Amino acid sequence: MSEQPRQPGRRPAGGGKPSGKQDGRPGKPYRRPQKDPVRMLAFEALRAVDERDAYANLVLPPLLKKARQNEGFEARDAALATELVYGTLRRQGTYDAVIKACIDRPLREVDPPVLDVLSLGAHQLLGTRIPTHAAVSASVELARVVLGDGRAKFVNAVLRKISAHDLDGWLERVAPPYEEDAEEHLAVYHSHPRWVVSALWDSLGGGRAGIEDLLEADNERPEVTLVARPGRSTPEELLAAVGEDSALPGRWSPYAVRMAEGGEPGALEAVREGRAGVQDEGSQLVAMALAAAPVEGRDERWLDGCAGPGGKAALLGALAAERGAFLLASEKQPHRARLVERALAGNPGPYQVIAADGTRPPWRPGSFDRVLMDVPCSGLGALRRRPEARWRRRPEDLEGFAPLQRALLREALSAVRVGGVVGYATCSPHLAETRVVVDDVLKGRGAGFDPVSAELIDARPYMEGVPALGDGPDVQLWPHLHGTDAMYLALLRRTA
């Protein structure tokens, strides 16, 4: 099957639309394509993700807000548009394999807008309960609007081929058997790049069941989790505001509330006022563990060395305020530092926000009692929330993060006084971003670097009640085991 090239439209004399075939034979009258606002919005979001490297969780909210105002979107329209965008992105690898089996050219030769329409159609056919005829006709109509009639015929032909089998039937056809190529089988079945499957499997360890559970969890829509910032809000207030039928307490954090039925966090008064926020429970646990780990001597000055966009800083600031401690929140990028200021506004205790590079800090060595360094990373631990990240990242990206991660941890250990504690955190379970970084810094691996006088503290006791934390002393959280992002935390005490 070959894609039909876009042809310039031919108009009859007088500028009217063609009424049928122009060779004298009867034909169907021309019908103007009908815009479906839900699918148009989903297509616009996918194009922004592809063309501008945007993130769906940032692109979608303003598009939905505009649609509510201009298109009269209701809750069910917004829910369908959200499912189409996130479902298509999560299952992109699987749908690419299916589409590839239905065309006679390499996938890279299909224009990206055409591929987006095909992927949206494939998701409706294979990943939702939308009836086959409705999924095909709606997708073809979308293609007529955004691609033209010629390409819409190509879309129609491909989607009718896809509709011949359900998802399980296609997976049997396009994925190699597990026994022949386990990583590629899992990559196609669970829609992850092969290198990501390999890296996650190495970090998780164990056999087939664990890695399949993890990959499946990555493809599930995560709950919206709120944090009640201590001294400013309470979980009880949030539970009441969300509603008993729509909210659940956190699994592990005493400050967490889960919006089990979804909803708009920004509509809650406590969130609008900054007394509460949206924060994954894994991030809450990291901040709480650093605050709970014992330090020797004074406990007056805390540092968040990579504070943007401010979620952990806001929770740390509230916890510090309960003890009368001061928090310095530092963020390299000025625009992200402004987000930190917004998150900390109204904090009951003393704090300061600065824009500074954590690898060349303005503070003196040994200035702080506690330091959190949540370093920039690949983000492989948050694929539930940012499914497009799995397709953007490459193995070589980790080589770019590695020097920065090591430099930030070294500076964090320099910033803390003897007897103080550093929390090294990352939203990635990749060993190259977690244990390898910590081990290299402690042992002084790398040109011109000396070993650091610090020791690992067992972090598990400071995540009280959380199961399956491994052998320690560091902690790796997992979506399938804990319902959180795959946050990593190592606690280190400065010894000299």
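Residues numbered from 1 in each chain as written. Predicted model: local features only at pLDDT ≥ 70, side-chain atom pairs only at ≥ 80, totals over all residues. Heavy atoms only, no water.

Q: Quick question: what am I supposed to make of the overall build of the chain here?
A: Of regular secondary structure, the chain possesses 20 helices and 12 strands. For 496 residues, the compact-globule estimate of 2.2 N^0.38 gives 23 Å, and the chain sits close to it at 26 Å. Taking the principal axes of the C-alpha coordinates as reference, the chain spans close to 95 × 50 × 40 Å. Of all 496 residues assigned to the chain, the portion counted as buried reaches 53%. Of all intrachain contacts in the chain linking residues separated by at least 6 positions in sequence, the fraction that spans at least 24 positions is 71%. Carbon and sulfur atoms provide 49% of the accessible area of the chain, an area that totals close to 22,500 Å². A gap of 7 Å separates the mean positions of the 65 positive and 68 negative side-chain charges of the chain. (Helix = DSSP H or I, 4+ residues; strand = E, 2+ residues; numbered from the N terminus. Rg over C-alpha atoms; globule rule 2.2 N^0.38 Å. Buried < 20%, exposed > 50% of the residue type's maximum accessible area, 1.4 Å probe, protein only. Contact = heavy atoms within 4.5 Å. Areas by Shrake-Rupley, 256 points an atom, 1.4 Å probe, with all protein chains shown as cover. Lys, Arg positive; Asp, Glu negative; His and termini not counted. Charge placed at Lys NZ, Arg CZ, Asp CG, Glu CD.)

Q: Whenever I open this one, the nonpolar core confuses me. Can you help?
A: A general tendency of soluble globular proteins is for nonpolar side chains to be buried together. If you look at the biggest cluster of nonpolar residues, it comprises 57 residues, and the most contacted ones within it are L41, V85, L118, L126, V155 and I162. If you list the elements that add at least two residues to this core, you get α1 (37-52), α2 (56-70), α3 (75-90), α4 (92-101), α5 (112-126), α6 (132-146), α7 (149-162) and α8 (167-174). Top element by residues in this core is α1. It accounts for nine residues. Those residues in contact with V155, other than ones at most four positions away along the chain, are V114, V117, L118, S139, A143 and L147. (Core = buried A, V, L, I, M, F, W, Y, C linked by side-chain atoms within 4.5 Å.)

Q: Just to check I follow, could you spell out the sheet that holds strand β2 (residues 247-249) for this structure?
A: Each strand in a sheet pairs with its neighbour through backbone hydrogen bonds, running either in the same direction (parallel) or in the opposite one (antiparallel). In spatial order, the strands read β2-β3-β1-β4; together these four strands make up an open sheet with antiparallel pairing. Both edges of this open sheet fall to β2 and β4 (276-278), since each of them pairs with a single strand only. For this sheet the average axis-to-axis angle between neighbouring strands, irrespective of direction, equals 30°. Pairing between strand β1 (residues 224-228) and strand β3 (residues 256-259): four bridges, direction antiparallel. Counterpart to L226 in the pairing with β3 is V257. Sheet contacts for helix α12 (residues 235-242): β1, β2, β3 and β4; angle to β1, the most-contacted strand, approximately 140°. Helix α14 (residues 281-292) contacts β1 and β3 of the sheet and is inclined by roughly 30° relative to β1. (Pairing = 2+ DSSP bridges. Axes fitted to C-alpha atoms, helices over the stretch in contact; angles between N-to-C directions.)

Q: When you look at the pairing of β3 in this model, what are you seeing that I'm missing?
A: The side chains of a regular strand alternate, residue by residue, between the two faces of the sheet. Judged by which residues are buried, β3 turns out to be covered on both faces: A256 and R258 on one side and V257 and M259 on the other are all buried. Strand direction decides the pairing type here: β2 and β3, joined by three bridges, are antiparallel. By the bridge assignment, L248 is partnered in β3 with R258. With antiparallel pairing between neighbouring strands as the criterion, β2 and β3 make up a hairpin whose turn holds six residues.

Q: Can you walk me through the side chain of R90 in this structure?
A: Assignment of secondary structure puts R90 in helix α3. No salt bridge is formed by the buried R90; its nearest oppositely charged neighbour, E83, is found at 5.3 Å. At 3.1 Å, the side chain of R90 and the backbone oxygen of R384 are in polar contact. The contact partners of R90, leaving out residues within four places of it in the chain, are S191, D218, N219, E220, R221, P222, R384, P387, R390 and W391. (Salt bridge = Lys/Arg side-chain N within 4 Å of Asp/Glu carboxyl O. Polar contact = N/O pair within 3.5 Å; in protein donor to acceptor, adjacent residues only side chain to side chain.)

Q: It is not clear to me how the confidence of the model for the chain should be interpreted in this structure. Could you clarify?
A: Looking at the chain, pLDDT values average 92 and 93% of them are 70 or higher. Overall, residues 1-25 carries pLDDT values under 50, and its contacts beyond four positions in sequence, including any with other chains, amount to 41 contacts. (pLDDT = per-residue confidence, 0-100.)

Q: Sorry, what's going on with the pattern of salt bridges here?
A: Pairing of side chains with opposite charge becomes possible as their charged atoms draw close. Within this structure, the stated rule accounts for 37 salt bridges. Close ionic contact of R417 with D369 constitutes a salt bridge, the shortest N to O distance being 2.5 Å. Here D369 lies in strand β8 (residues 368-374) and R417 lies in strand β9 (residues 416-426), a separation of 48 residues in the sequence. Per residue, the accessibility class of R417 equals that of D369, and both read buried. D474 is paired through a salt bridge with R435; the nearest N and O atoms lie 2.9 Å apart. Placement of the pair is D474 in the loop between β10 (454-457) and β11 (475-476) and R435 in helix α19 (residues 435-443), with a sequence separation of 39 residues. Overall, the relative accessible area of 45% leaves R435 in the partly exposed class.

Q: Would you take a moment to explain the environment of P249 for this structure?
A: When you line up the elements, P249 lands in strand β2. Overall, P249 belongs to the partly exposed group, its relative accessible area being 46%. Each C-alpha atom of the pair P249 and A289 lies 19 Å from the other, and the pair is 40 residues apart in sequence. When neighbours within four sequence positions are excluded, P249 is seen to be in contact with L239, A256 and R258.

Q: Is there a simple way to explain helix α18 (residues 395-415) in this structure?
A: Because the α-helix completes a turn every 3.6 residues, residues three or four places apart line up on one side. In this model, α18 (21 residues) spans 31 Å end to end at C-alpha, consistent with the 30 Å of a helix rising 1.5 Å per residue. Its axis deflected by about 35° at F401, α18 carries its strongest bend there, up to four residues before the proline P403. (Expected span 1.5 Å × (residues − 1). Bend = angle between axes of the 7 residues up to and from the residue.)

Q: Looking at this structure, how should I read the packing of helix α9 (residues 182-190) against helix α11 (residues 208-218)?
A: Helices that pack against each other are described as a pair by the angle of their axes relative to one another and the distance between those axes. The interhelical angle for the contact between α9 and α11, taken along N-to-C directions, is 30°, at an axis separation of 10 Å. Compared by their axis directions, α9 and α11 come out roughly parallel. As for how α9 packs across α11, the hand of that crossing is right-handed. Where α9 abuts α11, its residues H185, L186 and H190 lie against R208, I211, E212, L215 and E216. Taken together, the residues of the contact of α9 with α11 break down into three nonpolar, two polar and three charged. (Parallel < 35°, antiparallel > 145°, perpendicular 65-115°, else oblique. Left-handed = near helix turned anticlockwise from the far one by under 90°. Nonpolar A, V, L, I, M, F, W, Y, C, P; charged D, E, K, R; others polar.)

Q: Sorry if this is basic, but what is going on with the pairing of strand β6 (residues 326-331) here?
A: Burial of β6 is extensive: six of the six residues sit out of reach of the surface. Residues of β6 alternate between two faces, with F326, L328 and S330 on one and L327, A329 and E331 on the opposite face, all of them buried. As paired strands, strand β5 (residues 301-304) and β6 are joined by four bridges and run parallel to one another. In the sheet register, D304 faces β6, and the bridge partner there is A329. The parallel pair β5 and β6 is bridged by helix α15 (residues 311-322), and the resulting crossover is right-handed. As for the winding sense of the linkage, the β-α-β connection from β6 through helix α16 (residues 334-344) to strand β7 (residues 351-355) is right-handed. (Right-handed = clockwise from strand over helix to strand, strands pointing away.)

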